[in-house]
Amino acid sequence: MTVDVEMAEASTVVASKVQNPQKDEEESTPLTLVEEIESALGSLQKAAANFDNRYVSKVHRDLGGIRRKVAKDPASLAQVIAKSLPVEFSSRKNLLDQLPSPSDQAEPPAASTDVLPEINVFFHLLVQLFLLDTHDLDRLDNFNKSVIVLLASYNRRTLDFASAKVWFYIARTHELRGDLYSVRPALLAALRTATLRHDDETTAMVINLLLRNYLLTHEINQASNLCEKVVFPSNASNALAARYYYYLSRINTIQLDYSQAHECVVAAIRKAPQTQLAAGFLQAATRLNIIIELLMGDIPELKVFKSTSGNLEPYLQVTKAVRLGDLKLFEEVLNKYEAVFVKDDNFTLVSRLRQNVIKTGIRIISLSYSKISLKDICIKLHLDSEEATEYIVSKAIRDGVIEASLNHEQSYMKSKELLDVYSTKLPQEDFDQRIRFCLSLHNDSVKAMRYPSDDSKTELAKNNLESRDDEMGLLQAIEDGDLDDFME
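Residues numbered from 1 in each chain as written. Predicted model: local features only at pLDDT ≥ 70, side-chain atom pairs only at ≥ 80, totals over all residues. Heavy atoms only, no water.

## Observations concerning the overall build of the protein chain
For the protein chain, the count of helices and strands is 26 helices and three strands. Expressed as a percentage of contacts within the protein chain between residues at least 6 apart in sequence, the contacts between residues at least 24 apart total 65%. As displayed, the protein chain has an accessible area near 29,300 Å², and 53% of this comes from carbon and sulfur atoms. (Helix = DSSP H or I, 4+ residues; strand = E, 2+ residues; numbered from the N terminus. Contact = heavy atoms within 4.5 Å. Areas by Shrake-Rupley, 256 points an atom, 1.4 Å probe, with all protein chains shown as cover.)

In structure tokens:
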């Protein structure tokens, strides 16, 4: 009998141990696509009820995983749409027409059920992503027309993040189809509407989309005019601000304003998200930064090429040619990596470095020789003729690249004695630039701080007042000797 009891107890223990892992596995089982979408819809309902964009931010942070699952199982998305939207709802048919038929025909809600604008726009965004991932660009373009009309009918701040993403994919569709001009009127109208509604996120996104559109069509003056007319929102996210500074840097670089372009591209690199998803943007910004520094006459440090992942070998070879002042090596590198520079849209900017290579070579020669003939300079730098060499040397002297004088009759260049750099204004200018950067960083940090709202301040003051009353009551009880009564 004892053995039987022990065996029964052991069997129950084993059974309970067997059952507990099943419960743990059920709790740790990943959510299905339908459950993930329904969870996102619940967060959007909370955002609409509480007017809190933090729930919206959470939904868009998890959008990548939902997007990958929708591309594999679009029928589940159709199932959720059919279950969430009433039959008489205007957008229901348009959404379901873009997706395959749902496997499970769920019963739609009653006709009197209200559909939140946040949920409606979120469904349209998911359908956009599905059509984009399946490369059905023609259907996506027709679908985007209805989405533009839908966005114009809503004016809610909880839609700002979704509206910005929707406009991004609308512009992306036109870019992939090679139709960059037809989308401009819609983007300009969206910019005007978002500005009037104080929709900072959509305003920042549409400004970036217009700048990208103008840069892809090489309309630099249009892009520059847009930057002068609009004010980029200071409350926009760092990702949008980084992209805006990058576009601004390209515009200033093309317009030969290298100092302003360098400040913008450095700001873009610092504001960019330091994640794997932003690796491509950081590589593009680093390449542009290298070219700008070379055009300014500076040589990037070697750690720039080692710390950034990606193919920076062509830019390293260009930097070596500029540092050595070897015009022949520069032309070889330009011919070898021409396809890479064209793909990065930097070939025109790299071609400008030819003058910098010549200036560097002249500077090295002026430091090495106190007096040298123009013929020898022409041979060393592989220039076309002595006359061209004389023009280049005279321009270098006028631009302040070298401290020298040119004798036209006897065809030679004579270098002057080097001055002490601390007797010039150069150290003061560098120090002033560092101070301005520190002040700008301090101001941005102060603006980024989050302060409690007025309601929370009032509640905090009320709690402090109640605690102060309790302390005063305790002190009074101690003085009167009624501490036991107070504790009761």
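So that's the structure; there's more coming.
## Concerning the pattern of salt bridges
Close approach of charged atoms lets side chains of opposite charge pair. Applying the stated rule across the entire model yields 16 salt bridges. A salt bridge links Arg 67 to Asp 133; the nearest nitrogen and oxygen atoms lie 2.8 Å apart. With Arg 67 in helix α4 (residues 63–72) and Asp 133 in helix α7 (residues 117–133), the pair connects residues that are 66 residues apart, well separated along the chain. Arg 67 gets classed as partly exposed once you look at its relative accessible area, which sits at 25%. A relative accessible area of 27% means that Asp 133 is categorised as partly exposed. Notably, a salt bridge pairs Arg 139 with Asp 136, separated by 3.3 Å at the nearest N-O pair. Ionic contacts of the salt-bridge type, sharing partners, join the residues Asp 138, Asp 141 and Arg 177 into one network. (Salt bridge = Lys/Arg side-chain N within 4 Å of Asp/Glu carboxyl O. Buried < 20%, exposed > 50% of the residue type's maximum accessible area, 1.4 Å probe, protein only.)

## Thoughts on the side chain of Asn 289
Within the secondary structure, Asn 289 sits in helix α15 (residues 279–295). Asn 289 gets classed as buried once you look at its relative accessible area, which sits at 11%. With residues up to four places along the chain from it excluded, the contact list for Asn 289 reads His 262, Val 265, Val 266 and Ile 269.

## Some points on the nonpolar core
Formed by 119 residues in total, the largest nonpolar core has its most connected members in Ile 37, Leu 77, Phe 123, Leu 211, Val 318 and Phe 330. The dominant element in this core, judged by the number of residues it contributes, is α7, at 11 residues. Built from parts of two domains, this core gets at least three residues from each of domain 1 (32–103 + 113–199) and domain 2 (369–430). Ignoring anything within four residues of it in the chain, the contact list for Ile 37 reads Ile 66, Leu 77, Val 80, Phe 123 and Leu 126. (Core = buried A, V, L, I, M, F, W, Y, C linked by side-chain atoms within 4.5 Å. Domains from an automatic or database assignment.)

## Some details on the side chain of Thr 203
By the element assignment, Thr 203 lies in helix α11 (residues 200–216). Overall, the relative accessible area of 6% leaves Thr 203 in the buried class. Polar contacts involving the side chain of Thr 203 include one to the main-chain carbonyl oxygen of Asp 199, which spans 2.6 Å. With residues near it in sequence (within four places) discarded, Thr 203 still touches Leu 191, Ala 194, Thr 195 and Pro 233. (Polar contact = N/O pair within 3.5 Å; in protein donor to acceptor, adjacent residues only side chain to side chain.)

## Section: helix α8 (residues 137–152)
Here α8 spans 22 Å end to end across 16 residues, near enough to the 22 Å set by a 1.5 Å rise per residue. Residues of α8 that are buried: Leu 137, Leu 140, Asp 141, Phe 143, Asn 144, Val 147, Leu 150 and Leu 151. Taken together, the buried residues of α8 touch α6 (90–97), α7 and α9 (160–176). (Expected span 1.5 Å × (residues − 1).)

## Digging into unusual backbone geometry
Although it is not a glycine, His 135 adopts a positive phi angle of roughly 60 degrees. The class of His 135 is exposed, set by a relative accessible area of 66%. Non-glycine residue Asp 345 carries a positive phi angle of around 60 degrees. Mapped onto the elements, Asp 345 comes out in the loop between α19 (338–343) and α20 (347–351).

## Concerning the environment of Ile 372
Turning to its location among the elements, Ile 372 is positioned in strand β1 (residues 371–373). Overall, the relative accessible area of 5% leaves Ile 372 in the buried class. Along the primary structure Ile 372 and Ser 411 are separated by 39 residues, whereas in three dimensions their C-alpha atoms are 8.8 Å apart. Leaving out residues up to four positions away in the same chain, Ile 372 has contacts with Ile 365, Ile 377, Lys 380, Tyr 412 and Met 413.

## Quick word on the packing of helix α3 (residues 53–61) against α9
Packing of α3 against α9 brings their axes to within 9 Å, and their N-to-C directions diverge by 35 degrees. Packed against α3, whose contacting residues are Asn 53, Val 56, Ser 57 and His 60, the element α9 presents Phe 161, Ala 162 and Lys 165 at the interface. (Axes fitted to C-alpha atoms, helices over the stretch in contact; angles between N-to-C directions.)

## Remarks on the packing of aromatic side chains
Counted according to the given criterion, the structure contains six aromatic pairs. For the pair Tyr 246 and Tyr 247, a centre-to-centre distance of 5.8 Å together with 55 degrees between the ring planes defines the contact as tilted. The pair Tyr 246 / Tyr 247 is uniform in exposure class, with both members buried. On the basis of an interplanar angle of 75 degrees and a centroid distance of 5.3 Å, the ring pair of Tyr 315 and Phe 341 is categorised as edge-to-face. One end of the pair, Tyr 315, is in helix α17 (residues 313–324); the other, Phe 341, is in helix α19, and 26 residues separate them in sequence. Neither Tyr 315 nor Phe 341 differs from the other in exposure class; each is buried. One aromatic cluster is present, formed by Phe 232, Tyr 244 and Tyr 245 through successive ring pairs. (Phe/Tyr/Trp six-rings, centres within 6.5 Å; stacked < 30°, edge-to-face > 60°.)

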